[in-house]
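Given next are the chains, with one letter for each unit.
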Amino acid sequence: MDSCQAPDPGDGRLRMRVEAFLEDLSADTVTGPRRMGRTPLVEFVRATAEDAGLTVWSPGCDGFDVIILDHWSEIPGMEDVIRDNPDADVLFGQDLCHQVPAVVRHRP
């Protein structure tokens, strides 16, 4: 029994929810399956954004659509990038209760 492993997001439901979250800028959060882990969910959101044709920020990157951070604690170190790119969608990972990961839209 593999009770500590994350559910396989390969069934497409998580992808559809993440795509809807990325498209709907009024949505505040998307949650992942219990026990998936924050970093794997953030990586999944990044991959889904790239698959959708969005340009994801990376050091030295110009002209990006979205900034995706592994955790909210990275926001202070990114304040200059966020301020200099007010049209970029800023997302960060968050650990919720009961081992549920989330990606949250930053609302400064």
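Look above for the structure.
In this text, all values refer to a predicted model and were calculated from it rather than measured experimentally. (Residues numbered from 1 in each chain as written. Predicted model: local features only at pLDDT ≥ 70, side-chain atom pairs only at ≥ 80, totals over all residues. Heavy atoms only, no water.)

(A) Structural detail: the packing of helix α1 (residues 13-23) against helix α2 (residues 38-51). Viewed as axis vectors pointing N to C, α1 and α2 meet at an angle of 70°, and their least axial separation amounts to 10 Å. Taken together, the axes of α1 and α2 are roughly perpendicular relative to one another. Between α1 and α2 lies a crossing of right-handed hand. Between α1 and α2, the residues in contact are Leu14, Arg15, Val18, Glu19 and Leu22 and Leu41, Phe44, Val45, Thr48, Ala49 and Asp51, respectively. For the contact of α1 with α2, the residue count by class is seven nonpolar, one polar and three charged. (Axes fitted to C-alpha atoms, helices over the stretch in contact; angles between N-to-C directions. Helix = DSSP H or I, 4+ residues; strand = E, 2+ residues; numbered from the N terminus. Parallel < 35°, antiparallel > 145°, perpendicular 65-115°, else oblique. Left-handed = near helix turned anticlockwise from the far one by under 90°. Contact = heavy atoms within 4.5 Å. Nonpolar A, V, L, I, M, F, W, Y, C, P; charged D, E, K, R; others polar.)

(B) Structural detail: the environment of Ser26. Within the fold, Ser26 resides in the loop between α1 and β1 (29-31). Residues Ser26 and Arg105, 79 residues apart in the sequence, show an inter-C-alpha distance of 8.9 Å. At 2.5 Å, the side chain of Ser26 and the side chain of Asp24 are in polar contact. (Polar contact = N/O pair within 3.5 Å; in protein donor to acceptor, adjacent residues only side chain to side chain.)

(C) Seen up close, the nonpolar core. Counting 17 residues, the largest nonpolar core has Val18, Phe21, Leu22, Val45, Ile68, Leu91 and Val103 as its most contacted members. Those elements that place two or more of their residues in this core are α1, α2 and β2 (66-69). A per-element tally of this core places α2 first, with five residues. Ignoring sequence-local partners within four residues, the contact set of Val18 consists of Val30, Phe44, Val45 and Thr48. In terms of nonpolar packing, the next biggest core, distinct from the first, is built from 13 residues, Trp57, Ile75, Ile82 and Ala102 among them. (Core = buried A, V, L, I, M, F, W, Y, C linked by side-chain atoms within 4.5 Å. Buried < 20%, exposed > 50% of the residue type's maximum accessible area, 1.4 Å probe, protein only.)

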